[in-house]
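Breakdown of the fold
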Amino acid sequence: MSDLALFSRKPTMSVNGYRVVQSISVFVIALVVISPLFMLFIASLKDDRFQILADMGSFRAFWVDNPTLSNFREVGNFAGELAFGRYLGNSLFILGSTVSLGLVINSMAGFILAWGSLPGRAVILSLIIALYVIPQESIIMPLLIIVSRAGLSDTFTAQILPFVASPLYTFLFYQFFAQLPKELYEAASIDGASIFRTWWSIFMPLSLPALATVSILMGIETWNQYLWPILITQTDYARPISVAIATFFGQDSIYWDRAMAASVLMMIPILVFYLAFQRWFISSFVGSAVKG
Amino acid sequence: MANVSIDNVAKFYGSHKVIHGIDIDIADGEFVTLVGPSGCGKSTLLRMIAGLEEISDGDIRIGDRVVNDVPPKERDIAMVFQNYALYPHMTVAQNMGFALKLKGESRATIDARVREAAAILALEPYLDRLPKQLSGGQRQRVAMGRAIVRSPQVFLFDEPLSNLDAKLRVQMRAEIKDLHRRLGTTTVYVTHDQIEAMTMADRIVVMKGGVVEQIGRPLELYDRPANLFVATFIGSPAMNLLTGRAGQGGFVTGDGVVLPLPATAAAGATTYGIRPEHLTLDETGFRAEVVVIEPTGAETQVLARCGGQTLVAVLRERVELNPGDIIGLKPDLSAVHLFGEDGRRL
């Protein structure tokens, strides 16, 4: 064995050691993250709420002897006291509407800011960026008054409309469109495309990464909305599942079995969403690096 | 097809003037090249013709119509961009037919026109491919195809060959020239490459600093450059320029070298210009010291020092020379260019 080969053994071993430490760390972190979710899923299959409570804090929390879907049957109604089927449907409708309208509105705004002949574009852009720093909670009371006066309390509109246009997503689209070559816009205008047609036929099809990023971020934000819907919804009509789940808590007795089943119901769509767009998820967080 | 008339056109960015009142008349069916160094305003002028830049002053006419305030899509022009600007998500056929689709033409018409253009440009096998699946030369042809299908009055080319390698550039140069011969459409072509300008254009417009330095046929510019800038810009290797002063016995350079002058030479010349191919080896010529010899096979380029100034001679014959040799160089007196103190031709 040459001196060179002997010399090179040491770093190889330390690299292997590093890999072992890395694998163990990843495993431990994954375990910490996944165990509550697993516990939630197991608990949702137990029909005795006292047993669930008793099992917490022991390894029995991760095991079910007689799994049953009775909790899901109890909460999965579309009317009545436990209309979680309806709440889930409401949440999905709000998610779908907010995200699809948001993609159209924010991309249009971003496109005009990037390529339109809007006077004072730079000022408008800085104002939009400035708006982003204002926390949603600080404007929630005036917004509540506006929505009530407009007669939109307890409606889907009240839960969709205020979140459609967003400075963050407009800026993300602006950034994406601005880095596409100017010649594409010019070629389209020489070809005879109107500004709307240029946006729709040329820039939108090229914006799949931006569309995916915004859909993901906006989807998570909408799905996890809690404060605004709890203020604005009074009946089952437009109540989302995030608010409905909270009704299990704060009472004299907590129905852990039902709460667990409802939580699983709330988690499933976002989990499916995540699995479908896993690749985009990672790139969206790396790319935008915003919204914790 | 139409003529293009540029009448006292100026362009300001804020208070900064980039185009200083330019006048150019381009005849119907003519191929005109705008050439000049980076920042001379040639692309800006082309973009003003296209309607992509506003005109600050003056008028641009396409045919009989002043188009200053006409949007690009209504100017009946087609433009080929340096980076091709093909729509990446559309196939070759969709790229070429997009403008016709927007015009509301029927699918059959679009298909026929696209196939016709594809046949001219040998693009038929690629109609269903995406731009990313094509080579640089093929993309360039698609960009031209997109322009052709519209049968515009004027073709505008903005440095279309800059992104191609040298061999492909020569090939595409010939293709564009041939296309122009076949279609006869008025063409304005921007390039910074004077060889491209010389080989393709009916007329060349040489620009510098937002000003037209000279307009003329390629050989006219080569043979009779209006000023020192055109003299050095057109021709490769560039014209040799030696500074000094014209006197009774000849042109005396700053280092005291005496160069022969034509009989009709104007007095007051301060720059003596001679193209490299108009110098021949001759013992009776002025003395110069060989610095570098570059044989290319067909010719030999000799870089020589004459006093403190260097000059290049292109010799058709093969010569045995070494650096440091003293040679005699004789200028062809009929091809001597003399320039005054202001840089203008005398």
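Remember, predicted model here, so these are calculated numbers, not experimental data.

1. Remarks on the overall build of chain A
Along the backbone of chain A there are 15 helices and zero strands. Expected size for 292 residues packed as a compact globule is a radius of gyration near 19 Å; at 25 Å, chain A overshoots this value by more than 25%. Burial analysis of chain A (292 residues in total) assigns 31% to the buried set. For chain A, the proportion of contacts with a sequence separation of at least 24, taken over those separated by at least 6, is 73%.

2. Observations concerning the overall build of chain B
Counting its regular elements, chain B contains eight helices and 19 strands. Taken over the C-alpha atoms alone, chain B extends approximately 75 × 45 × 30 Å along its principal axes.

3. Quick word on the domain arrangement of chain B
By a widely used convention, the size of an interface equals the accessible area lost when the partners come together. By the assigned domains, chain B splits into domain 1 (4-229) and domain 2 (237-339). For domain 1 of chain B and domain 2 of chain B, the distance between their C-alpha centroids amounts to 39 Å.

4. A look at the UniProt feature "transmembrane region" (unreviewed entry) in chain A
All names here are of chain A. In the UniProt entry, the feature "transmembrane region" (unreviewed entry) is given for residues 20-43, 92-116, 122-148, 160-178, 198-220 and 259-277. The distance separating the terminal C-alpha atoms of residues 122-148 is 34 Å; by composition the span is 74% helix and 0% strand. When the span residues 198-220 is considered, its composition is 83% helix and 0% strand, and the gap between its end C-alpha atoms is 30 Å.

5. Here's the deal with the domain arrangement of chain A
Residues and elements named next belong to chain A. Each assigned domain of chain A is listed here: domain 1 (3-68) and domain 2 (84-291). Taking the mean C-alpha position of each, domain 1 and domain 2 sit 33 Å from one another. Every contact between the two is made by ten residues of domain 1 and, on the other side, seven residues of domain 2. Residue assignment for the side of domain 1 that touches domain 2 shows that the elements contributing at least two residues are α1 (3-44) and α2 (49-55). Ranked by the residues each element gives to the side of domain 1 that touches domain 2, the list is headed by α1, at four residues. In terms of residue class, the side of domain 1 that touches domain 2 is built from five nonpolar, one polar and four charged.

6. Describing the sheet that holds strand β6 (residues 77-80) of chain B
All names here are of chain B. Spatial ordering of the open sheet is given by β6-β7-β8-β3-β9-β10, a layout of six strands whose pairing is mixed. Either end of the sheet is taken by a strand with one partner, and the two such strands are β6 and β10 (211-216). Ignoring which end each strand starts from, the neighbouring axes of this sheet average 15° apart. Relative to strand β8 (residues 186-191), strand β3 (residues 31-35) is paired through five bridges, and the arrangement is parallel. In the strand pairing of β8, Val35 is matched with Thr191.

7. So, the pairing of strand β4 (residues 57-62) of chain B
Residues and elements named next belong to chain B. Examined bridge by bridge, strand β1 (residues 4-13) and β4 share five bridges and lie antiparallel to one another. Following the sheet pairing, Val4 is matched in β4 by Ile62. Judged from the two bridges that link them, β4 and strand β5 (residues 65-66) form a sheet pairing that is antiparallel. Across the sheet, Arg61 pairs through a bridge with Val66, a residue of β5. If you look at the hairpin formed by β4 and β5, you'll find two residues sitting between the two strands, and Gly63 has a positive phi there, around 70°.

8. Focus: the interface of chain A and chain B
Counting residues at the interface gives 14 residues for chain A, matched by 17 residues for chain B. Broken down by element, the residue count for the side of chain A that touches chain B peaks at seven residues, all from helix α9 (residues 182-191) of chain A. In the side of chain A that touches chain B, the residues fall into eight nonpolar, two polar and four charged.

9. Comments concerning the confidence of the model for chain A
All names here are of chain A. Averaged over chain A, the pLDDT score is 86; the fraction of residues at 70 or greater is 90%. Per-residue pLDDT stays below 50 along residues 1-6; that stretch engages in one contact with residues further than four places along the chain or on separate chains. Contacts of residues 287-292 to residues separated by more than four positions or lying in other chains number six contacts, the stretch itself having pLDDT below 50.

10. A word on the sheet that holds β1(B)
All names here are of chain B. Spatially, four strands are ordered β2-β1-β4-β5 in an open sheet, and the strand pairing comes out antiparallel. Each edge of the open sheet carries a strand with a single partner, namely β2 (16-26) and β5. Note: β1 against β2, seven bridges, orientation antiparallel. Across the sheet, the residue bridging to Tyr13 is His16, located in β2.

Analysis parameters
Residues numbered from 1 in each chain as written. Chains lettered and ligands numbered in written order. Predicted model: local features only at pLDDT ≥ 70, side-chain atom pairs only at ≥ 80, totals over all residues. Helix = DSSP H or I, 4+ residues; strand = E, 2+ residues; numbered from the N terminus. Rg over C-alpha atoms; globule rule 2.2 N^0.38 Å. Buried ≥ 20, exposed ≤ 12 C-beta atoms within 10 Å, placed from the backbone. Contact = placed C-beta atoms within 7 Å. Domains from an automatic or database assignment. UniProt positions renumbered as here; feature names shortened; annotations may be inferred. Nonpolar A, V, L, I, M, F, W, Y, C, P; charged D, E, K, R; others polar. Pairing = 2+ DSSP bridges. Axes fitted to C-alpha atoms, helices over the stretch in contact; angles between N-to-C directions. pLDDT = per-residue confidence, 0-100.

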